[in-house]
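Working through the structure, step by step
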Amino acid sequence: MAASRAPLHLVAPRWNAGTRGIRGLSRAAAPEGNQKKGRSLLQFLADRFYDVQALREYLLGKQAWKMHQKNRPFTYIRERYGPYAAGAYFILKLGGAVKFQGKEWIRSNARGHFSLDFLKLQTVPVEAVDASGCAVNYQGLDSLLALKELQVLWLQRCPHVDDWCLSRLHPLANSLQELSLAGCPKISERGLACLHHLQNLRKLDISDLPAVSNPGLTQILVEEMLPDCKVVGADWAQGLKLGQEEQYRDITSPIPA
């Protein structure tokens, strides 16, 4: 009497955190006509890496497009209401705040909405801009440089403000009196050297700049470059003092035999 055949079960390949599981996954992911027995792990990873790389490039391109859209100039508003209204609208759209001469600060609400009543102030200059933490970049400065009477500009913690941005601030040399760059991660000594044009500055905040290699020495040089300006960066002087103490300890420490 012939033995009864065991029933045949078709089971989908499962991931078992091993090489065998990876091969099974590669066979499941590959087209049916291209399945090969013993497909190598290296080939599988090469195929997957191509997919990840393409996705990464797509996401980076989309991010760059969004940044371009945020910093685009509002040409229609500028042509109809003037540069002051256009600059104010640009900052408010980014989530910042503006102050017209003789007026109160204008800010957007928690949902990013704001009143358009300031469009009536076509001939009133903007004297202060608070762009703290906003996504303003090199391109977006076009909307700010048109504010020829701007006296106060706060750019602290702006992730895209870099040395190239600081090199563009010279058109504001006649009016700008206060500038805050605190916490900007992309600003280094090279960008700070470009501020020598701003001789009317009376207050400059350059504290907490991680790209600056020697904060204490940089603060001293900036103070010499702008003698009439109060340079804020209390922790930097302390860091310079600590550096001198460590150097002194290195000199006086005994030389190991």
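This structure is a prediction, so every number in the text was calculated from the model and none was measured.

Here the focus is the overall build of the protein chain. On a plain count of helices and strands, the protein chain comes out with nine helices and seven strands. Buried residues in the protein chain amount to 37% of all 257 residues. A total accessible area of about 16800 Å² is found for the protein chain, and carbon and sulfur atoms account for 54% of it.

To continue, consider the environment of Gln-122. The residue Gln-122 is located in the loop between strand E2 (105-107) and strand E3 (126-130) in this model. The sequence separation of Gln-122 and Tyr-81 amounts to 41 residues, and the corresponding C-alpha distance is 5.6 Å. For Gln-122, the residues in contact, after removing those within four places along its chain, are Arg-80, Tyr-81 and Tyr-84.

For Ser-175, the location among the structural elements is in the loop between helix H6 (163-166) and strand E5 (178-180). Of note is the side chain of Ser-175, whose polar atom sits 3.0 Å from the backbone oxygen of Lys-148. At 2.7 Å, the side chain of Ser-175 and the backbone oxygen of Leu-150 are in polar contact. Discounting chain neighbours no more than four positions away, the residues touching Ser-175 are Lys-148, Glu-149, Leu-150, Gln-151 and Asn-200.

This part takes up helix H8 (residues 215-225). Here H8 has its buried residues at Gly-216, Thr-218, Gln-219 and Val-222. The buried residues of H8 occupy one face: seen down the axis, they fall within an arc of 160°.

Most of E3 sits inside the fold, with five of its five residues counted as buried. The pairing of strand E1 (residues 97-100) with E3 spans four bridges and is antiparallel. Bridge pairing links Val-98 to Val-129 in E3. Inspection of the sheet shows E3 paired to strand E4 (residues 152-154) by three bridges, in the parallel sense. Looking at the pairing, Val-129 lines up with Leu-153 of E4.

Taking strand neighbours across the sheet as the criterion, the seven strands line up as E2-E1-E3-E4-E5-E6-E7 in an open arrangement whose pairing is mixed. Only two strands of the sheet have a single neighbouring strand rather than two, namely E2 and strand E7 (230-232). Within this sheet the neighbouring strands show an average axis-to-axis angle of 15°, counted without direction. Contacts from helix H4 (residues 83-93) reach E1, E2 and E3, with the element oriented near 155° to E1.

In this section: H4. Burial of H4 is extensive: nine of the eleven residues sit out of reach of the surface. Listed as buried for H4 are Tyr-84, Ala-85, Ala-86, Gly-87, Ala-88, Tyr-89, Phe-90, Ile-91 and Leu-92. Gly-95 lies just past H4 and shows a positive phi near 95°.

In this structure, Phe-100, Phe-118, Val-129, Leu-179, Leu-181, Leu-192 and Leu-204 are the most contacted members of the largest nonpolar core, which totals 56 residues. At the level of elements, helix H3 (75-81), H4, E1, E3, helix H5 (141-145) and H6 are the ones that each hand at least two residues to this core. In terms of residue count, the dominant contributor to this core is H4 (eight residues). Ignoring sequence-local partners within four residues, the contact set of Leu-204 consists of Leu-179, Leu-181, Leu-195, Val-222, Leu-226, Cys-229, Lys-230, Val-231 and Val-232.

Thresholds, definitions, all that
Residues numbered from 1 in each chain as written. Predicted model: local features only at pLDDT ≥ 70, side-chain atom pairs only at ≥ 80, totals over all residues. Heavy atoms only, no water. Helix = DSSP H or I, 4+ residues; strand = E, 2+ residues; numbered from the N terminus. Buried < 20%, exposed > 50% of the residue type's maximum accessible area, 1.4 Å probe, protein only. Areas by Shrake-Rupley, 256 points an atom, 1.4 Å probe, with all protein chains shown as cover. Contact = heavy atoms within 4.5 Å. Polar contact = N/O pair within 3.5 Å; in protein donor to acceptor, adjacent residues only side chain to side chain. Arc of directions from axis to C-beta. Pairing = 2+ DSSP bridges. Axes fitted to C-alpha atoms, helices over the stretch in contact; angles between N-to-C directions. Core = buried A, V, L, I, M, F, W, Y, C linked by side-chain atoms within 4.5 Å.

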